Amino acid sequence: MAVKNLINLGCLFPQVGCAQFSEKPSVYACLGLKCSEFIGFSGNHAIRCLGDQNCSSNSASELPSVVDNRESSLANKLQKDLTSLPRPLSVSDFSTFPSHGSKVRVSFKGEPGSYSEDAALKAYPQCETVPCNEFEDAFKAVELWIADRAVLPIENSLSGSIHRNYDLLLRHRLHIVGEVQLPVNFCLLALPGIPLERLKRVLSHPQALAQSDNFLSKLGVVRENFEDTAGAAQLVVSKRMFDAGVIATARAAEIYGLNIVAKAIQDEPDNFTRFIILARDPIIPRTDKAFKIESRPQRKQPLRVVDDSNNGTAKYFDYLFYIDFEASMAESRAQNALGHLQQEFATFLRILGSYPIDAAA
Ligand SMILES: O=C(O)C(=O)C[C@]1(C(=O)O)C=C[C@@H](O)C=C1
C-alpha cells in the first residue's frame, strides 16, 4: 500500500517559458520510507480502442440499419477527413524521428481535441502538440527528443489523483517544470442533425461520464467508457453512430465535425484538472523568499494502519509520500527541511521538479 501526501510552502521565482504563470514556484519532492514501495504503486490502465480496429465497442455494426439515407449523406458530407489528423504515438514509433519546425513540441496522452491537448495549448499556445497512446509514451517522447515537453494530468478537483502518472514520475527521469490548471467544461456532442432526444448512449472517458452523472441520468442514456474524450468523438464520427453522443471539448466538435447539443453538463461547475509539465532538464530556481511549511512528517508519530489479517494488531507499513510545497530549492530553508527529512526519517528522497505555479487558473 502506498500513500501520497501533498504539502505546501511558497516564494518568488521568475517564469521560464510559459507566459501566463505566476512567479511563485513550487517544489515537488518524492519521499519514501522504503524505495521498493513505489513499485507496487501503479494505477490501472485501460487498453486503447482505436478507430475501427480491435474495438470491443458494440457501436459500429448496427448502424447502417438504424439510420436513414438523409442522415447518412449529411454525416458523410460533414465528416472531416480523419486520416489527416496526427496519429497518436506508441512505443513502436519511437525509432523514427519526425521532422519539425522551431515550435515547442508538447506530448500528451489522447487524440487531438482532448482535454489534455487543451492543457498543452493553454501552457504553450503556439506549440505543436504530439498525441500519444499512453501516458508512458508521452514521457518517452520527451526522453527521446521527439517532444520538448509532456503535459499530463496529475489530479482532478472532483476525482482526485491520477495514480498512474505519480508512478511514472518515479520510473522516468523527467523533471516537473510547470503546471497548468484547466477548468473542465464538458460538452455533449452528436453527429450533425441529431437532436438530444435521439441519443440512446453516450461515450466518453470514465471521468467525464462520472462527473456528468446528473445530466446523463435525466437523459436516460447508456454510458460507454472510452480511453479519452476526443477518441470517443473520433469513433462516433468514423462509425457514424447516429444514436450516440460524446462528452468532449468544444474543440473536439470542431475537429471532428460534430455538433454541440449541450454545454457545461458537469454536475459541479468548479471542476478543475491539474496538469504537470515535464521536461528533460530541471529549472534551476534563483530566489530567497519562502512562505511557510504547512505540514511535515512527524517523527514521533508516524502513520499507522491496522492490518486486518494480523488480528487487528496495529502494524507499521512503508510509505511513499509525494510532497508538493511552495518554495524554491535555491532557498536554504527548503534545502534544510528536505535535508532533515532525508537524514532523519526517509530512506529515499527525490526532487521531482521545481516550477512556477499556474496563477491563471
Ligand atoms: O479524455 C481526455 O480528454 C483527457 O484529456 C483525459 C482526462 C483524464 O485523464 O482525466 C483529462 C482531463 C479531464 O478531467 C478528463 C479526462
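- An unreviewed UniProt entry annotates the protein chain as Arogenate dehydratase/prephenate dehydratase 1, chloroplastic isoform X3 originating from Coffea arabica.
- The UniProt entry for the protein chain carries this comment under Pathway (unreviewed entry): "Amino-acid biosynthesis."

### Quick look at the overall build of the protein chain
Here is step 1 of the chain: A tally of helices and strands in the protein chain yields 10 helices and 16 strands.
Here is step 2 of the chain: By residue count, 51% of the 361 residues in the protein chain fall in the buried class.
Here is step 3 of the chain: Across the protein chain, contacts joining residues at least 24 apart in sequence account for 80% of those joining residues at least 6 apart.
Here is step 4 of the chain: Accessible surface, the protein chain as shown: approximately 17100 Å² in total, 50% of it carbon and sulfur.

### A few points about the site of the ligand
Here is step 1 of the chain: Every residue close to the ligand is listed here: S114, Y115, S116, P153, N156, H205, Q207, D228, T229 and T273.
Here is step 2 of the chain: With respect to the ligand, the backbone of Y115 contributes an N or O atom lying 2.9 Å from an oxygen atom.
Here is step 3 of the chain: Contacts to the ligand include S116, whose side-chain N or O atom sits 2.7 Å from an oxygen atom.
Here is step 4 of the chain: Computed on the free molecule, the ligand has an accessible area of 360 Å², of which 95% lies beneath the protein chains in the complex.
Here is step 5 of the chain: Where the shell around the ligand is concerned, the elements lending two or more residues are α3 (115-123) and β4 (149-156).
Here is step 6 of the chain: Class assignment for the residues of the shell around the ligand results in two nonpolar, seven polar and one charged.

### Quick word on the packing of helix α4 (residues 135-143) against helix α5 (residues 163-171)
Here is step 1 of the chain: For the pair α4 and α5, the least separation of the axes is 10 Å and the interaxial angle reads 35 degrees. Seen from above, α4 lies across α5 with right-handed handedness. Side by side, α4 and α5 meet where F135, E136 and F139 of the first sit next to R164, N165, L168 and L169 of the second.
Here is step 2 of the chain: Residues that form the contact of α4 with α5 fall into these classes: four nonpolar, one polar and two charged.

### A short note on the side chain of S107
Here is step 1 of the chain: Tracing the backbone shows S107 in strand β2 (residues 105-109).
Here is step 2 of the chain: Contact partners of S107, with chain neighbours within four places excluded, come to V130, C132, A138, A141, V142, A147, R149, A150 and V151.

### Regarding the nonpolar core
Here is step 1 of the chain: The biggest cluster of nonpolar side chains holds 50 residues, and the ones touching the most others in it are L189, V236, I247, Y256 and L258.
Here is step 2 of the chain: Ranked by the residues each element gives to this core, the list is headed by helix α8 (residues 229-238), at six residues.
Here is step 3 of the chain: Residues from two domains meet in this core; each of domain 2 (82-184 + 271-277) and domain 3 (185-262) gives at least three.
Here is step 4 of the chain: Leave out the neighbours within four places in its chain, and L189 touches A244, G245, V246, A248, T249, A252, A253, L258, N259, I260 and V261.

### Focus on the packing of aromatic side chains
Here is step 1 of the chain: Enumeration over the complete set of coordinates arrives at two aromatic pairs.
Here is step 2 of the chain: Between Y115 and F186, the aromatic rings sit 5.3 Å apart at their centres with planes inclined by 80 degrees, giving edge-to-face as the arrangement. One end of the pair, Y115, is in helix α3; the other, F186, is in the loop between β6 (175-183) and β7 (187-190), and 71 residues separate them in sequence.
Here is step 3 of the chain: Look at Y115 and you get buried, because its relative accessible area is 10%.
Here is step 4 of the chain: Taking the relative accessible area as the measure of exposure, F186 reaches 3% and is therefore buried.

### Some details on the pattern of salt bridges
Here is step 1 of the chain: Applying the stated criterion across every chain yields a total of 14 salt bridges.
Here is step 2 of the chain: A salt bridge links E224 to R201; its shortest N-O distance comes to 3.4 Å. Placement of E224 in strand β9 (residues 222-225) and of R201 in strand β8 (residues 201-204) is noted, with a sequence separation of 23 residues between them.
Here is step 3 of the chain: By relative accessible area, R201 is classed as buried at 5%.
Here is step 4 of the chain: Ionic contacts of the salt-bridge type, sharing partners, join the residues E136, R164, D167 and R171 into one network.

### Some thoughts on unusual backbone geometry
Here is step 1 of the chain: Despite not being glycine, W145 has its phi angle at roughly 65 degrees, a positive value.
Here is step 2 of the chain: Residue position: W145 is located in the loop between α4 and β4.
Here is step 3 of the chain: Here R240, not a glycine, exhibits a phi torsion of approximately 45 degrees, which is positive.
Here is step 4 of the chain: Residue position: R240 is located in the loop between α8 and β10 (244-248).
Here is step 5 of the chain: We classify R240 as partly exposed; its relative accessible area is 30%.

### Topic: α3
Here is step 1 of the chain: A large share of α3 lies buried, amounting to seven of its nine residues.
Here is step 2 of the chain: Of all the residues in α3, the buried ones are Y115, S116, E117, A119, A120, K122 and A123.

### Notes on the side chain of D148
Here is step 1 of the chain: By secondary structure assignment, the location of D148 is in the loop between α4 and β4.
Here is step 2 of the chain: Polar contacts involving the side chain of D148 include one to the side chain of R105, which spans 2.6 Å.
Here is step 3 of the chain: Among residues more than four places away in sequence, those in contact with D148 are K103, V104, R105, V142, L278, A279 and R280.

### Considerations on the confidence of the model for the protein chain
Here is step 1 of the chain: When pLDDT is averaged along the protein chain, the result is 73, and 62% of the positions lie at 70 or above.
Here is step 2 of the chain: Confidence drops under a pLDDT of 50 for residues 32-79, and excluding neighbours within four residues, the segment shows 89 contacts in the predicted structure.
Here is step 3 of the chain: Overall, residues 95-99 carries pLDDT values under 50, and its contacts beyond four positions in sequence, including any with other chains, amount to six contacts.

Rules used in this analysis
- In this convention, every chain numbers its residues from 1, walking through the sequence in written order.
- Note on the predicted model: pLDDT of at least 70 is required for a residue's local features to be given, and 80 or more for side-chain atom pairs to be given and counted; whole-chain, interface and lining totals, by contrast, use all residues.
- To obtain the side-chain values, all non-hydrogen atoms of the structure were included, while hydrogens and water were left out.
- UniProt positions are given in the numbering used here, feature names are shortened, and annotations may be inferred rather than shown by experiment.
- Helix numbers and strand numbers start at the N terminus; a helix is a DSSP run of H or I with at least 4 residues, a strand a run of E with at least 2.
- Buried, partly exposed and exposed residues are distinguished by accessible area as a fraction of the type maximum, computed with a 1.4 Å probe on protein chains only: under 20%, between the cut-offs, and over 50%, respectively.
- Any two residues having at least one pair of non-hydrogen atoms within 4.5 Å are treated as being in contact.
- In these tables, accessible area is a Shrake-Rupley quantity obtained with a 1.4 Å probe, and a residue counts as shielded only by the protein chains included in the view.
- It suffices for a single heavy atom of a residue to lie within 4 Å of a molecule or strand for the residue to be listed as near it.
- Counting of polar contacts relies on pairs of N or O atoms within 3.5 Å, with two restrictions inside protein: one atom must be capable of donating a hydrogen and the other of accepting it, and residues adjacent in sequence are counted only when both atoms are side-chain atoms.
- Residue classes follow a fixed rule: Ala, Val, Leu, Ile, Met, Phe, Trp, Tyr, Cys and Pro count as nonpolar, while Asp, Glu, Lys and Arg count as charged, and any other residue, Gly among them, counts as polar.
- Lines fitted to C-alpha atoms define the axes here, with helix axes fitted over just the stretch in contact, and angles between the N-to-C directions of these axes take values from 0 to 180 degrees.
- Here a crossing is taken to be left-handed if its near helix is turned anticlockwise relative to the far helix by less than a right angle, and right-handed if that turn runs clockwise.
- Nonpolar cores were defined as sets of buried Ala, Val, Leu, Ile, Met, Phe, Trp, Tyr and Cys residues, with membership established by side-chain atoms within 4.5 Å.
- As annotated, the domain borders come from an automatic or database domain assignment.
- Between 30 and 60 degrees the pair is tilted, below 30 it is stacked and above 60 it is edge-to-face, where a pair is any two Phe, Tyr or Trp rings, Trp via its six-membered ring, whose centres lie within 6.5 Å.
- Each salt bridge in this description consists of a side-chain nitrogen of Lys or Arg and a carboxyl oxygen of Asp or Glu lying within 4 Å of one another.
- Residue-level confidence of the predictor is summarised by pLDDT, bounded by 0 at the bottom and 100 at the top.

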